[in-house]
Amino acid sequence: MATTPETAEQFAGLGSEQLVDMYRQMALIRVFEEKCQEMYTRAKIGGFLHLYVGQEGVAVGMIAALKPEDHIITHYRDHGHAIARGLDTNALMAELFGKATGSAGGLGGSMHLVDVSKNFWGGYAIVGSHLLLACGIGLGLKLQKREEVIVVFFGDGSTNGGEFYEALNLAQLSKLPVVFVCENNLFAMGTPIAVHTSVQEIYRKACAFDMTAERVDGNDPVVMYEAAQRAVEHARSGKGPVLLEAMTYRLRGHSAQDTQKYRTKEDVEKYRAQDPNQVFRQRLIEEGQMTEEQAQQIEQDVSAEVDASVEFSDQSPPADEKWLTTGVYANEILDKY
Amino acid sequence: MAVMSVREALQQALREQLEDPRVFIIGEDIGYYGSTYGVTAGFLDDYGPERIRDAPIAEAGIVGIGVGAAMVGMRPICEIMSVNFSLLAFDQLINHAAKLHYMFGGQITCPMVLRTTNGWRNLSATHSQSFDSMFAYVPGLKVVAPSTPADMKALFKASMEDPDPVIFIEHTLMYGVKGEVPDDPYEVKIGESRVAREGKDVTIVTYSRPVHLCMDVAEKLSKEEGIECEIIDLRTIRPMDMSKALTSFRKTGRAVVVSEEWQSHGVQAEVTARLYEHGFDYLDAPIERVGFREVPFPYATNLEDQVVVTPARITEAIRKVLT
């Protein structure tokens, strides 16, 4: 399965090993998310559960263009980004189970996955709010003269509130190394994009700040990767931030309890027929980058990994009760009487 | 000992901090304009625009940038010109700064200091408020509100050395207040109150600007009527050190709680509750409170004078607990 010059161009310079690994990540995210839904139904997972099913191409394509020392911060639909960054699936599932072995010791849950050792600065659940944290991280990196970038993921629904505009202005004003990645899945929770925003081509909102921006097919991880490379290079070279609008579609509800009255079954079926995971799988096989046997092996492996994460989480101790009296502050100072 | 104003003490404190390359200041009109209250006047020339960052009028942005930069090892000083504008940054403060350490299981810290000002005078309803208790209500924030130049300087240093987010509350009517500041290095820890004046008849618990009003009232009552007030300056309102207030209350059995906030639901309500909870057996009279009258601030002087905390109202409260 040698990569010819033609296939190299077709796959944005990605070799078959990288392409196969990207498929593995997409498959892992998909299986992890479907397992989460099952565990939610079995009441092993509580609270809000926002699944990334259908949007895998965005996280995998984007994060493939980063170096390990680059930074990621994201929104509450954060499982896909965490997995694409290579966070330990045991720690992720255990976090959802509210266990001491979870990525945040069971304090954060589904919306707040984290691993600072991997420069994964966490999932944030106030829509649009974390874009400003990304600017702050970007400013810190710039002032420390580190040649690193921060990628911030958010949804189309984040682009109407004031913090979005404050962030774009501040980032462009100080030429911060921030890549803004809007995952446009066409709905702000259950409100269709035509109902929630006046300019539905989100990337055009960057025009007001004279910021480089483009709209890409986020369902194609190779297209996403290509755009990500351009954006990351731009940000890393000191030219300032970029806004990428990744077009995608969420194949499951907003959260695990969503009855999805805002869209028709036919619409969802139409998108399901173009499931990015299946399209990518088929394409890699047809183009000789992956064999059917390899694909099946990957699918078995990721299923086993996810099953093991459930087993690990089941066996793990509950969240440590020390958190009831400590940890609010890094430097606890008690009231005095 | 040098005598200097609160403004000068803060200038010294900020300049000391700027010796650390991790420190930068971000806020509105701190550089080119020359600083609204003069605290950072001249800083832009001395430290340059990378360190003295004039911000757009975007309070969430100012605080969000500070929080993010603190996450990756900077030591930002965010300045919100007037605490009234901080309402636009509450999301960043409460949903992020206060939560990061706990919500992420101790992996992230946020060593950021937010400087802001209380204050009023013919500024009407939206420019005269204080939100001390709204900050102090939130686990994860620390809230410091000193009253003297020496405490300003030392507690600012302590706030910067603390790994947690600190709200540092100044007062527009206090920048010119003068006091002695030690020449040698000295320390004031976050969460330690002080006895500002000793006395045996009544305990006054207060902080920030009203400390000075209470001191004036106490001197007058001492001279004219022989009433001796003991004044406790809390200095920090979260964490809160009630030890000196309670020691005093056990001695006097009478207390007045004074702060520049609307009288209900504020820090003074919390202080009063703690005095009752921990000092009930020593109570000789119901505790009195003095705060803003509960209306939005009126512009007109004759009305505003009756809304704010005044020596007359403090004196009246003292007389009430003594009868």
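Residues numbered from 1 in each chain as written. Chains lettered and ligands numbered in written order. Predicted model: local features only at pLDDT ≥ 70, side-chain atom pairs only at ≥ 80, totals over all residues.

Caption draft 1: Up close: the overall build of chain B. Looking only at helices and strands, chain B has 12 helices and 14 strands in total. For chain B, the C-alpha radius of gyration of 20 Å lies close to 20 Å, the compact-globule estimate for 323 residues. On the principal axes, the C-alpha backbone points of chain B span a range of 60 × 45 × 45 Å. Residue burial in chain B is summarised as follows: out of 323 residues, 57% are buried. Excluding contacts between residues fewer than 6 apart, the proportion of contacts in chain B whose partners are at least 24 apart in sequence is 79%. (Helix = DSSP H or I, 4+ residues; strand = E, 2+ residues; numbered from the N terminus. Rg over C-alpha atoms; globule rule 2.2 N^0.38 Å. Buried ≥ 20, exposed ≤ 12 C-beta atoms within 10 Å, placed from the backbone. Contact = placed C-beta atoms within 7 Å.)

Caption draft 2: Representation of the overall build of chain A within the structure. Regarding its fold elements, chain A presents 12 helices and eight strands. Computed over the C-alpha atoms, the radius of gyration of chain A is 20 Å, within 12% of the 20 Å expected from 2.2 N^0.38 for a compact globule of 337 residues. Overall, chain A is about 75 × 50 × 40 Å in size when its C-alpha atoms are taken along their principal axes. Classification of the 337 residues of chain A by burial places 55% in the buried group. Within chain A, counting contacts between residues at least 6 apart in sequence, those at least 24 apart form 75% of the total.

Caption draft 3: The interface of chain B and chain A, seen in detail. At the interface, 43 residues of chain B touch 37 residues of chain A. Broken down by secondary-structure element, the contributors of at least two residues to the side of chain B that touches chain A are α3 (59-71), α4 (90-97), α5 (100-103) and α9 (243-252) of chain B. By residue number, the principal contributor to the side of chain B that touches chain A is α3(B), which donates nine residues.

Caption draft 4: Local environment of the domain arrangement of chain B. Residue and element names in this part refer to chain B. Splitting chain B by domain gives domain 1 (2-181) and domain 2 (194-322). For domain 1 and domain 2, the distance between their C-alpha centres works out to 26 Å. In this assembly, 25 residues from domain 1 lie in contact with 23 residues from domain 2. Taken together, the elements giving at least two residues each to the side of domain 1 that touches domain 2 come down to α6 (132-136), β6 (142-144), α7 (149-161) and β7 (166-171). Taken together, the residues that form the side of domain 1 that touches domain 2 break down as 14 nonpolar, eight polar and three charged. (Domains from an automatic or database assignment. Nonpolar A, V, L, I, M, F, W, Y, C, P; charged D, E, K, R; others polar.)

Caption draft 5: A look at helix α8 (residues 210-225) of chain B. Residues and elements named next belong to chain B. Between the first and last C-alpha of α8 there are 21 Å, a value that for 16 residues agrees with the 22 Å anticipated at 1.5 Å per step. Among all positions of α8, only P210, V211, L213, C214, V217, A218 and L221 are buried. Within α8, the buried residues cover an arc of 155° as seen down the axis, which keeps them to one side. Of the residues in α8, the exposed ones pointing more than 90 degrees away from the buried face are D216, E219, K223 and E224. Buried positions along α8 lie against β9 (194-197), β10 (202-206), β11 (229-233), β13 (255-262) and α12 (311-322). G226, located one to two residues past α8, shows a positive phi value of around 70°. (Expected span 1.5 Å × (residues − 1). Arc of directions from axis to C-beta.)

Caption draft 6: Inspection of the environment of A:I137 at higher detail. Looking at the secondary structure, you find A:I137 in helix α6 (residues 130-143). On the neighbour-count criterion, A:I137 (31 C-beta atoms within 10 Å) is buried. As for A:I137 and A:V178, which are separated by 41 residues in sequence, their C-alpha atoms are 8.6 Å apart. Not counting residues within four places of it along the chain, the set of residues in contact with A:I137 comprises A:H71, A:I73, A:W121, A:I150, B:G68, B:M71 and B:V72.

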